[in-house]
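Coordinate inspection notes
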Amino acid sequence: MEAGVIYCELALSVFKDLSLKQNAQLLTHTQVEGITPHQHYVEVRTNQGTYFSEKLMISVGAWSKKLLTSLGLELPLRPSRRTVGWFEADQTLYSADHFPGFTLDLGDGQSYYGFPCFDQKGVKIGRHDGDREDDPDQLDRNFKSSDEQELRRMLETYLPKAAGKLNTGRVGLYTFTPDSDFIIDQHPDLAGIVIAAGFSGHGFKFASVVGEIASQLLTGERTNHNLAPFSLKRFQR
């Protein structure tokens, strides 16, 4: 069986370049402060100005719950702080040439994931599960000693010679749904607003197809993908 990995920074760069070639405008460092639906258009207020559009896609990661609540839609979305670390490891054991990506399911609800050594950066490991909920606007983005120790314990226990010096530690956010499946749907009450949210820590590799589906929903084009598993209705039963 063949498998692979996506270098996310390179993928994002390609997405950016392709979108700019299609005359997209990227408004970096632009914070959405409010959305007001009108009868035939949507008004988006930001710290850099106000914008108007017939259609709007909302895909704002950990801020989805806050923003959608302001539009009268209460969804069971849970933003959650997550950490990941890269540790020096024995290259003869953990080089990407012969060691695979991995998951650690401890059987008690705890689960971790990781990758072998790419580009001499070390073994990567992060925690996938967790029931904590965090405010993305108040998130502690400092990678702390306790974060390192939690990840290091897993390496010391299950991956011999992979728990060397910490090379890099990062803090990010997941946004969970109760079933860990995505939300890709139209707002049930506000025409012209499409929602893509709740990617639950495994959405990035699907970014291209999610973007395709969202564009089809926005333009009224028929999609060949079955969207029933991602419908908002599953939370309204």
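Up top is the structure these notes are about.
Below is a summary of the structure that appears in this document. Throughout, a residue's number is its position along its own chain's written sequence, starting from 1. For a predicted model such as this one, the threshold for reporting local features is a pLDDT of at least 70, and the threshold for listing and counting side-chain atom pairs is 80 or more; totals across whole chains, interfaces and linings nevertheless cover every residue. Values shown for side chains rest on all heavy atoms present in the structure; no hydrogens or waters enter the calculation.

1. Side note on the environment of Leu-93
For clarity, the cut-off: Runs of E in the DSSP output that reach at least two residues are strands. Runs of H or I that reach at least four are helices, and both are numbered from the N terminus. Exposure is judged per residue with a 1.4 Å probe applied to protein chains only, and the accessible area is read against the type maximum: over 50% gives exposed, under 20% gives buried, and values in between give partly exposed.
In this fold, Leu-93 is placed in helix H3 (residues 91–94). The exposure class of Leu-93 is partly exposed, given its relative accessible area of 38%. Between the C-alpha atom of Leu-93 and that of Leu-159, which follows or precedes it by 66 residues, the distance is 9.6 Å.

2. Brief notes about the pairing of strand S7 (residues 111–115)
In plain terms, the rule: DSSP bridges decide pairing: two strands pair if at least two such bridges lie between them.
Across four bridges, strand S6 (residues 102–105) lies against S7 in antiparallel orientation. Residue pairing across strands places Thr-103 opposite Tyr-113, the latter belonging to S7. Connecting the antiparallel pair S6 and S7 is a turn made up of five residues, with Gly-107 showing a positive phi of about 85°. Taken together, the four bridges between S7 and strand S8 (residues 123–127) define a ladder with antiparallel strand orientation. Considered in S8, the bridge of Tyr-113 is made with Gly-126.

3. Topic: the sheet that holds S8
Counted only if it meets this: A fitted line through C-alpha atoms serves as each axis, taken over the contacting stretch for helices, and the angle formed by two N-to-C directions is quoted from 0 to 180°. Contact criterion: two residues are considered in contact whenever any of their non-hydrogen atoms come within 4.5 Å of each other.
Ordered in space as S6-S7-S8-S5-S9, the five strands form an open sheet in which the pairing is antiparallel. In the strand order of this sheet, the two ends are held by S6 and strand S9 (166–176), each with one partner. Here the strands of the sheet are splayed against their neighbours by 20° on average, with no regard to which way each runs. Packed onto the sheet, helix H4 (residues 145–158) meets strand S5 (78–87), S6, S7, S8 and S9 and runs at close to 60° relative to S5.

4. Focus on unusual backbone geometry
Its identity is not glycine, yet His-29 carries a phi of approximately 55°, on the positive side. Note on placement: His-29 falls in the loop between helix H1 (8–21) and strand S1 (32–37). The backbone of Gln-120 shows a phi angle near 65°, a positive value even though the residue is not glycine. Position of Gln-120 among the secondary structure elements: in the loop between S7 and S8.

5. As for the pairing of S8
Regular strands have side chains that alternate between both faces of the sheet. With four bridges joining them, S5 and S8 adopt antiparallel strand pairing. Within the sheet, the bridge partner assigned to Trp-86 lies in S8 and is Lys-124.

6. Concerning the sheet that holds strand S11 (residues 193–197)
Strand order in this open sheet of three strands is S4-S11-S10, and the pairing throughout is mixed. Edge strands, defined here as strands with exactly one partner in the open sheet, are strand S4 (56–58) and strand S10 (183–186). Across the sheet, the axes of successive neighbouring strands diverge by a mean angle of 15°, strand direction being ignored. Relative to S11, S4 is paired through three bridges, and the arrangement is parallel. Bridged to Leu-56 within S11 is Ile-193.

7. Examining the pattern of salt bridges
Going by this rule: Throughout this description, the term salt bridge denotes a Lys or Arg side-chain nitrogen within 4 Å of a carboxyl oxygen of Asp or Glu.
A full pass over the atoms with the stated rule returns 13 salt bridges. Ionic pairing is found between Arg-127 and Asp-129, a salt bridge with its closest N-O pair at 2.8 Å. Judged by relative accessible area, Asp-129 falls into the buried class, the value being 14%. Residues Glu-150 and Arg-127 are paired through a salt bridge, measuring 2.6 Å at the closest nitrogen-oxygen approach. A residue pair is termed long-range when its members are at least 10 positions apart, and Glu-150 in helix H4 and Arg-127 in strand S8 qualify at 23 residues. Each of the salt bridges in this network shares a partner with another, and the network as a whole consists of Lys-66, Asp-135 and Asp-137.

8. Topic: the side chain of Glu-43
The line we're drawing: Nitrogen and oxygen atoms within 3.5 Å of one another constitute a polar contact, given that in protein one can donate a hydrogen and the other can accept it, and given that sequence-neighbouring residues count only through two side-chain atoms.
On the secondary structure map, Glu-43 appears in strand S2 (residues 42–46). Side chain to side chain, Glu-43 and His-38 meet in a polar contact 2.9 Å long. Dropping the residues within four chain positions of it, Glu-43 is found in contact with Gly-34, Ile-35, Thr-36, His-38, Thr-50, Tyr-51 and Phe-52.

9. Thoughts on the packing of aromatic side chains
Short version of the rule: Two aromatic rings from Phe, Tyr or Trp, using only the six-membered ring of Trp, form a pair when their centres are within 6.5 Å; if the ring planes differ by under 30 degrees the pair is stacked, by over 60 it is edge-to-face, and anything between is tilted.
All told, the structure shown has nine aromatic pairs when counted by the stated rule. Three or more aromatic residues joined by ring pairs form one cluster here, namely Phe-182, Phe-199, Phe-206 and Phe-230.

10. Topic: the nonpolar core
Inclusion rule: Nine residue types can take part in a nonpolar core, namely buried Ala, Val, Leu, Ile, Met, Phe, Trp, Tyr and Cys, and a core is a set of them joined through side-chain atoms within 4.5 Å.
Core analysis: the biggest nonpolar cluster contains 16 residues, and Ile-35, Leu-56, Ile-58, Leu-68, Leu-75 and Ile-195 have the highest contact counts within it. Examining the composition of this core, we find that three residues originate from one element, S11, more than from any other. Counting residues in each nonpolar core, the second largest holds 14 residues, with Phe-102, Val-123, Leu-155 and Leu-159 among its members.

Scope: geometric values only; no functional claims are made or implied.
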